[in-house]
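Structure assessment
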Amino acid sequence: PAEDAASQSPVQVQVQYSRPSLVRMDEPQLLYALLDISPSDSKAPHSLTPLNLCLVLDRSTSIQGEKMDVAKSAAIRIIQMLRPVDIFGLVVFSDKAEVLLPSAYQNDLNRARSRIQSIQTSGATEIYQGLHAGFEELRRGLDPSRGNHLVLLTDGHTYGDEQACLTLAEQAAGLNISISGFGVGSDWNDIFLDSLVSRTGGNSTFVAEPQDIERLLLAKFSALARSLVYDAVLEYQPQGGIQVRSCHRLHG
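Just so it is clear, the model here is predicted, and its values are computed rather than measured.

Before going further, it helps to spend a moment on the overall build of the protein chain. Along its length, the protein chain carries seven helices and eight strands. Within the protein chain, buried positions represent 40% of all 252 residues. A fraction of 74% describes how many contacts in the protein chain between residues 6 or more apart in sequence connect residues 24 or more apart. In the form shown here, the protein chain has an accessible surface area of approximately 14,600 Å², with 51% of it arising from carbon and sulfur atoms.

Have a look at this one:
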């Protein structure tokens, strides 16, 4: 029965140890374990999780030109790839935020395309403005049965609102909203963005060239759309004589 249950699971777990065996000793020994958690190869049917997704785009003056053109193209492509069950919203920001597409089932592609093509760059970068607007849009469609996710794309630093952003990320994590960040070029604050997204279980991605924006954003959307499990919890049952000293996520 346990094997049957494992074969029906949407995920599989593989463990690699730093050494194949331990010698019996009176003193403590250190052992490293690498857990690889991946989608199962099981042929049992598993339902893909519908999305509640908000894309938050930096439209400050520093992102004008090719970077903005490619970001617009990526946003349109994402809407084209949405499934009927997916909720999608789009926020643009500089020193102010604008909800360009309120979170909803995006059934009118022509209207969405027109709105996206109308985006103009202006102002400075205040990430909190975009994050807060995106967070509020996600709350409109918040549902524990959905993958609730915010994708942030920026090419610059934010000034004076870092702590407010981190506090908002913690609030998002409390509602099982995850955040992914994409930093374009060399001027974005990687330490801040890593700290922001890690609070929610998300990750940040370095985008070296403007032409990479669309490819990486679409890859992220595809990965989210294929997700089988959200809000997974890893539980450890302690065994006698074994103590977990630390645990780190390498990739996710």
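Turning our eyes to something else, we now look at unusual backbone geometry. Unlike most non-glycine residues, Asn176 shows phi in positive territory, near 60 degrees. Within the secondary structure, Asn176 sits in the loop between helix H5 (162-174) and strand E7 (178-184). With a relative accessible area of 43%, Asn176 lands in the partly exposed category.

Grouped together as the largest cluster of nonpolar side chains are 34 residues, with contacts concentrated most on Leu55, Phe88, Leu90, Ile116, Leu153, Ile213 and Leu217. Residue assignment for this core shows that the elements contributing at least two residues are strand E3 (51-58), helix H2 (66-81), strand E4 (87-93), strand E5 (97-104), helix H3 (109-117), strand E6 (147-154), E7 and helix H7 (212-225). Broken down by element, this core gets its largest block of residues, eight residues, from H2. Leaving out residues up to four positions away in the same chain, Leu90 has contacts with Cys54, Leu55, Leu57, Glu98, Val99, Leu100, Leu101 and Ile116. Among the nonpolar cores identified, the runner-up in size contains 23 residues, and Val91, Leu150, Cys165 and Leu193 belong to it.

Moving on, we get to the pairing of E7. Across the seven residues of E7, seven count as buried, placing the element largely inside the fold. Here E7 shows no split at all, with Ser178, Ser180, Phe182 and Val184 on one side and Ile179, Gly181 and Gly183 on the other all buried. Bridge count for E6 against E7 is six bridges, and the pairing is parallel. In the strand pairing of E7, Leu152 is matched with Gly181. Between E6 and its parallel partner E7, the chain crosses via H5, and the hand of that crossover is right-handed. Where E7 and strand E8 (residues 204-207) come together, four bridges link them in parallel fashion. Counted as the bridge partner of Phe182 is Thr205 from E8. Traced from E7 through helix H6 (residues 190-198) to E8, the parallel crossover comes out right-handed.

The next thing to look at is helix H4 (residues 127-140). In a regular helix each residue adds 1.5 Å, so 14 residues correspond to 20 Å; H4 covers 20 Å between its end C-alpha atoms and thus fits that length. Of the residues making up H4, those classed as buried are Ile127, Gly130, Leu131, Ala133, Gly134, Phe135, Glu137 and Leu138.

Rules used in this analysis
Residues numbered from 1 in each chain as written. Predicted model: local features only at pLDDT ≥ 70, side-chain atom pairs only at ≥ 80, totals over all residues. Heavy atoms only, no water. Helix = DSSP H or I, 4+ residues; strand = E, 2+ residues; numbered from the N terminus. Buried < 20%, exposed > 50% of the residue type's maximum accessible area, 1.4 Å probe, protein only. Contact = heavy atoms within 4.5 Å. Areas by Shrake-Rupley, 256 points an atom, 1.4 Å probe, with all protein chains shown as cover. Core = buried A, V, L, I, M, F, W, Y, C linked by side-chain atoms within 4.5 Å. Pairing = 2+ DSSP bridges. Right-handed = clockwise from strand over helix to strand, strands pointing away. Expected span 1.5 Å × (residues − 1).

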